[in-house]
There are 2 protein chains.
Amino acid sequence: MARLVLKFGGTSVADLGRIRNVARHVKREVDAGHEVAVVVSAMSGVTNQLVGYCRDASVLHDAREYDAVVASGEQVTAGLLAITLQSLGVEARSWLGWQIPIRTDGAHSVARITGIDSPLLLERMAKGQVAVIAGFQGIGPDNRISTLGRGGSDTSAVAIAAAVGADRCDIYTDVDGVYTTDPRIVSNARRLDKVAFEEMLEMASLGAKVLQVRSVELAMVHGVRTFVRSSFADPDAPQVNERGEPVGTLICDEDEIVEKQLVTGIAYSKDEAKITLRRVQDKPGIAAGIFGPLAAANVNVDMIVQNISEDGRTTDITFTVPTADYERSLALIDGLSSAISIEQVSGSKDVAKVSVIGIGMRSHAGVAAQAFEALASRGINIQLITTSEIKISILIDAAYTELAVRTLHSIYELDKT
Amino acid sequence: MARLVLKFGGTSVADLGRIRNVARHVKREVDAGHEVAVVVSAMSGVTNQLVGYCRDASVLHDAREYDAVVASGEQVTAGLLAITLQSLGVEARSWLGWQIPIRTDGAHSVARITGIDSPLLLERMAKGQVAVIAGFQGIGPDNRISTLGRGGSDTSAVAIAAAVGADRCDIYTDVDGVYTTDPRIVSNARRLDKVAFEEMLEMASLGAKVLQVRSVELAMVHGVRTFVRSSFADPDAPQVNERGEPVGTLICDEDEIVEKQLVTGIAYSKDEAKITLRRVQDKPGIAAGIFGPLAAANVNVDMIVQNISEDGRTTDITFTVPTADYERSLALIDGLSSAISIEQVSGSKDVAKVSVIGIGMRSHAGVAAQAFEALASRGINIQLITTSEIKISILIDAAYTELAVRTLHSIYELDKT
């Protein structure tokens, strides 16, 4: 017997038929003797509709009112799933954020969970009652509903799993796990049985859209074993592997991963734009003078490379920003104080970032060199490089994205088990 | 300066355009210096959709979950109206039932309000902040959302008006007041300036669908002056009468009505079915033996007449039930214990109830006789009669409904001011 938290996203609860499917997944776990809490999102499309209402009512809407409006979507799903579970003979009740309560810092529309009062939940779960919890929401110090930001239901699920000391947090989604890379680009991409928290964090933030970055961070901090699996598998006879375990990807502590791979996956992101500042006068404080205003304007600068130029008195700076912030960033650079002399500003949105990720890199040299050689052999020009302990990111011309991903996936033999 | 509670129903908040219209009504009252609380229903159609979801999820759904699902509709409207008010420069915030809190007896889906904690509301209203309150909902002793039953937003508004000691509760609706009868039947029906609580109670329960019966009861008990007016009037230049007062109907204590009319209005209901039991053995306990099982089955028996039949040993009993309960009632009668001997059961759904209402009747004889004569002169046969201090109800063939209403409206001169 285990204590489980199951999370189902918007597409998994899109209509009453799918909610019934979810209920059968839950019933299977209850019948197996587990204590179960379920976290649900709004029915797909509902949140967008509610957000649209708020925007149409006023462009500058009060985030507290936005939260009251938008949180209603998860409330509906939670009630409907509880009703459906009861109709299958499973004891269940819905819980809204304020009822548990799930306490937040009260930062409306972008709240962070500060604590969850779990005794009552645990008591009910121990008695065999399934707790159906509205995701994405909590209550702030102002006694008002605060939402966790888009995709916040993943975060709710992991936070609840941590609070109730769950043995596992199952994230049911529209894919059956985390892959070595995007299967739409590399047809023989392989589902990973296990991924370390650190690796998943890099994959999530680099564009693999399976899990929200915040929920992975939270899972890592609290050591919540998080299992990504498919909500579209047959609930009554889910796929199992050769060891009889359900099919999916377990995100866990690296200690739990016996055979560590050198490279675990290849991620990519086309949501990158590059800006180059040429012959910037090289003096102390220049980086702060440029990146301070961008940070103040909430532009999330990612890769930064600075070189001394030929003359030795000026420097060239290149960095990337999200595509959506490209024009705004150029305008901000243009409006910089005249104290910062920049001879030329250029940029491009036609770039992509390809990343090689793996905790095995820590103890192995040569992984980066292998990537550079492989890309060069394909005639792919490297524009920028940044590295961390477990990751190498390379900025290239966007047109070569798929070729680069396939090349890297192949040289690290990710298609082989 | 006055303290006002304004209530807007589903059709008045059907979309963002109409919500903006509502906001302008509210702003007008705020600009006039009043303290304002607003009670809103769900956007029209939303509650039906949510109720449908619950029914489709399970015919026998948990009323506690139903409440959590259905109450979300008012939550959305409250947030959107608060946002819209703010966009017009009016300080406002939304309040959900559990935030005030509006306490109920916890009878899910049919809850009754037991108390409202008003100090915080009053404090905010005194500071000029409009309280936008989600109608139809409260919180029960189980710390869960409980709804007040369909049309419960009227009741919410009146209860809140009583709790905050409002000078008036304005019910904005799709008609501009209470009429002497249905204007679709009598084209010269007249809008009443004032109606006594007791009269309105009879009109509401007899088929004039302007206000929920429960809200009128509550208004009477707490002496809440309730003003029925149109939400479709121009918010910035609402219609006023010759005394500069807004157009509508005030429902108030009869002491406030200076010129009392003999008859105030003619109501009718086609939602009636008649059942006649012939030659029922006349012995003690016979009425209880018949009406007990009907009451136990939640059939709301309305008019009852019992006559001794010719033989002197048996009795004939005729009564009416709502049309929807007709077949069920016949089945219940059919299944009565053999201890009750009934020679013949007959009935009809082709009947209608027409009622003459007026507090003036109390002190004037002859009102009933006048009605009987007028109907007889038109050849309308009277099937049943019941009377109270301020009302005469007559059951007739449904085909004559409109003729009867027009005839009665005319003989009491209700078309004349």
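In this text, all values refer to a predicted model and were calculated from it rather than measured experimentally. (Residues numbered from 1 in each chain as written. Chains lettered and ligands numbered in written order. Predicted model: local features only at pLDDT ≥ 70, side-chain atom pairs only at ≥ 80, totals over all residues. Heavy atoms only, no water.)

### Points about unusual backbone geometry
Residue and element names in this part refer to chain A. Selection rule: Secondary structure elements follow DSSP: runs of H or I of four or more residues count as helices, runs of E of two or more count as strands, with numbering from the N terminus. The buried label applies to any residue whose accessible area, calculated with a 1.4 Å probe on protein chains only, is under 20% of its type's maximum; exposed applies above 50%, and partly exposed to all values in between.
Geometrically, the link from Ile100 to Pro101 is a cis peptide bond, its omega value of -20° lying close to zero. Along the chain, Pro101 turns up in the loop between strand 3 (92-95) and strand 4 (102-104). Phi at Arg279 takes a positive value of approximately 50°, unusual for a residue other than glycine. Of the residues examined, Arg279 reaches a relative accessible area of 29% and is grouped as partly exposed.

### Brief notes about the UniProt feature "domain: ACT" (unreviewed entry) in chain A
Cut-off, in case you're wondering: UniProt positions are given in the numbering used here, feature names are shortened, and annotations may be inferred rather than shown by experiment.
Feature annotation in UniProt places "domain: ACT" (unreviewed entry) on residues 275-356 of chain A, given in this structure's numbering. Here residues 275-356 of chain A is 24% helix and 43% strand, with 23 Å between the C-alpha atoms at its ends.

### Examining the relation of the copies chain A and chain B
Using the following cut-off: Least-squares superposition aligns the copies on the C-alpha atoms of those residues with pLDDT at or above 70 in both.
Relative to chain B, chain A is turned by 180° and slid 0.0 Å along the rotation axis, the superposed coordinates differing by an RMSD of 0.1 Å. Those values place the two copies in the arrangement expected of a two-fold rotation axis. Taking the C-alpha atom as reference, chain A places Ser72(A) closest to the rotation axis, 2.7 Å from it.

### A look at the domain arrangement of chain A
Residues and elements named next belong to chain A. Note the following rule: Note that the domain bounds were set by an automatic or database domain assignment. Between two residues, a contact is recorded if the distance between any of their heavy atoms is within 4.5 Å. Two parts lose some accessible area (1.4 Å probe) when they are put together, and adding that loss for both gives the buried area. The term salt bridge refers to a side-chain nitrogen of Lys or Arg lying within 4 Å of a carboxyl oxygen of Asp or Glu.
Annotation of chain A at the domain level lists domain 1 (3-254) and domain 2 (265-411). Here the C-alpha centroids of domain 1 and domain 2 sit 34 Å apart. Listed per partner, the contact involves 17 residues of domain 1 and 19 residues of domain 2. Buried surface at the junction of domain 1 and domain 2, summed over both partners, amounts to about 1,500 Å²; 63% is from carbon and sulfur atoms. Counting across the domain 1 and domain 2 interface gives two salt bridges.

### Focus on the UniProt feature "binding site: ATP" (unreviewed entry) in chain A
Residues and elements named next belong to chain A. Residues annotated in UniProt with the feature "binding site: ATP" (unreviewed entry) correspond here to Lys7, Phe8, Gly9, Gly10, Thr173, Asp174, Tyr179, Arg184, Lys209 and Val210. For the annotated residues, spread through 204 residues, the largest C-alpha to C-alpha distance comes to 25.0 Å, inconsistent with a single compact locus. For Lys7, the location among the structural elements is in strand 1 (residues 3-8). Dropping the residues within four chain positions of it, Lys7 is found in contact with Val39, Ser41, Ser153, Asp154, Ala157, Asp170, Ile171 and Tyr172. Among the secondary structure elements, Lys209 is positioned in the loop between helix 7 (197-205) and helix 8 (213-222). Accessibility expressed as a relative area gives 78% for Lys209, which makes it exposed.

### Looking at the confidence of the model for chain A
Rule in force here: The pLDDT value expresses, per residue, how confident the predictor is, ranging between 0 and 100.
In this model, chain A carries a mean pLDDT of 92, and residues with pLDDT of at least 70 account for 99%. The ipTM value of the predicted complex is 0.84, and its pTM value is 0.86.

### Some thoughts on the pattern of salt bridges
Per the stated rule, a full pass over the model turns up 60 salt bridges over all chains. A salt bridge links Arg24(A) to Asp234(A); its shortest N-O distance comes to 3.8 Å. Of this pair, Arg24(A) sits in helix 1 (residues 16-31) while Asp234(A) sits in the loop between strand 11 (226-230) and strand 12 (249-252); the two residues are 210 residues apart in sequence, bridging distant segments of the chain. A salt bridge links Lys391(B) to Glu202(B); the shortest N-O distance between them is 3.7 Å. Of this pair, Lys391(B) sits in strand 18 (residues 391-397) while Glu202(B) is found in helix 7 (residues 197-205), placing the two residues 189 residues apart along the sequence. Glu202(B) gets classed as buried once you look at its relative accessible area, which sits at 18%.

### A look at the packing of aromatic side chains
Convention followed: Between 30 and 60 degrees the pair is tilted, below 30 it is stacked and above 60 it is edge-to-face, where a pair is any two Phe, Tyr or Trp rings, Trp via its six-membered ring, whose centres lie within 6.5 Å.
In this structure the tally under the stated criterion is five aromatic pairs over all chains. Between Trp98(A) and Trp98(B), the aromatic rings sit 4.2 Å apart at their centres with planes inclined by 10°, giving stacked as the arrangement. Here Trp98(A) is found in the loop between strand 3 and strand 4, whereas its partner Trp98(B) is found in the loop between strand 3 (92-95) and strand 4 (102-104) on a different chain. Each member of the pair, Trp98(A) together with Trp98(B), is buried.

### A word on the interface of chain A and chain B
So the rule is basically this: For the purposes of these results, a polar contact is taken to be a pair of N or O atoms within 3.5 Å, where, inside protein, one atom must be able to donate a hydrogen and its partner to accept one; residues adjacent in sequence count only when each atom of the pair is a side-chain atom. Note on residue classes: Ala, Val, Leu, Ile, Met, Phe, Trp, Tyr, Cys and Pro are nonpolar, Asp, Glu, Lys and Arg are charged, and everything else, Gly too, is polar.
Every contact between the two is made by 36 residues of chain A and, on the other side, 36 residues of chain B. In this structure, the connection of chain A to chain B is made through eight residue pairs in polar contact (both at pLDDT 80 or more). Those elements that provide at least two residues to the side of chain A that touches chain B are helix 1, helix 2 (46-57), helix 3 (63-70), helix 4 (72-87) and strand 3 of chain A. Residue contributions to the side of chain A that touches chain B peak at 10 residues, all from helix 4 of chain A. The residue inventory of the side of chain A that touches chain B, partitioned by class, reads 19 nonpolar, 11 polar and six charged.

### Quick look at the side chain of Ser215(A)
All names here are of chain A. As for its position among the elements, Ser215 is in helix 8. Residue class for Ser215 comes out buried when judged on its relative accessible area of 1%. At 2.7 Å, the side chain of Ser215 and the backbone oxygen of Gln212 are in polar contact. With sequence-adjacent residues up to four places away left out, Ser215 is seen in contact with Asp154, Thr155 and Val158.

### Here's the deal with the packing of helix 4 of chain A against helix 2 (residues 46-57) of chain B
Condition: Lines fitted to C-alpha atoms define the axes here, with helix axes fitted over just the stretch in contact, and angles between the N-to-C directions of these axes take values from 0 to 180 degrees. What sets the label is the angle itself: under 35 degrees gives roughly parallel, over 145 gives roughly antiparallel, 65 to 115 gives roughly perpendicular, and the rest give oblique. Each helix crossing is assigned a hand: it is left-handed if the near helix lies turned anticlockwise from the far helix by less than a right angle, otherwise right-handed if that turn is clockwise.
Relative to each other, helix 4 of chain A and helix 2 of chain B sit at 20°, their axes nearing to 9 Å. Classified by the interaxial angle, the pair formed by helix 4 of chain A and helix 2 of chain B is roughly parallel. With respect to the hand of their crossing, helix 4 of chain A and helix 2 of chain B are arranged in right-handed fashion. Counted together, Val76(A), Leu80(A), Ile83(A), Thr84(A) and Ser87(A) of helix 4 of chain A and Leu50(B), Tyr53(B), Cys54(B) and Ala57(B) of helix 2 of chain B form the full contact between these two elements. Considering only residue class, the contact of helix 4 of chain A with helix 2 of chain B consists of seven nonpolar, two polar and no charged.

### As for the environment of Glu199(B)
All names here are of chain B. For Glu199, the location among the structural elements is in helix 7. With a relative accessible area of 2%, Glu199 lands in the buried category. Note: C-alpha distance between Glu199 and Gly265 (66 residues apart in sequence) is 8.5 Å. When near neighbours in sequence (up to four residues on either side) are disregarded, Glu199 contacts Thr264, Ile357, Gly358, Ile359 and Ile390. In this structure the side chain of Glu199 is engaged in a polar contact, spanning 3.0 Å, whose partner is the backbone nitrogen of Ala196.

### Digging into the packing of helix 9 (residues 286-296) of chain B against helix 10 (residues 326-334) of chain B
Residue and element names in this part refer to chain B. Here helix 9 crosses helix 10 at 135°, and the two axes come no closer than 10 Å. Compared by their axis directions, helix 9 and helix 10 come out oblique. When the axes of helix 9 and helix 10 are compared, the crossing they make is right-handed. When helix 9 is examined against helix 10, the residues Ile290, Pro293 and Leu294 are found in contact with a partner set consisting of Ser329, Leu332 and Ile333. Of the residues contributing to the contact of helix 9 with helix 10, the split by class is five nonpolar, one polar and no charged.

### Thoughts on the sheet that holds strand 14 (residues 304-308) of chain A
Residue and element names in this part refer to chain A. The following threshold applies: In this analysis, strands are considered paired if DSSP registers two or more bridges between them.
As summarised here, the arrangement of the six strands in space is 14-15-13-16-18-17, forming an open sheet in which the pairing is antiparallel. Each having just a single partner strand, strand 14 and strand 17 (384-388) make up the two edges of the open sheet. Shown here is a sheet whose adjacent strand axes are inclined to one another by a mean of 25°, direction ignored. Contacts between helix 7 and the sheet are confined to strand 13 (265-281), strand 16 (342-357), strand 17 and strand 18 (391-397), with strand 16 contributing the most and set at about 135° to the helix.

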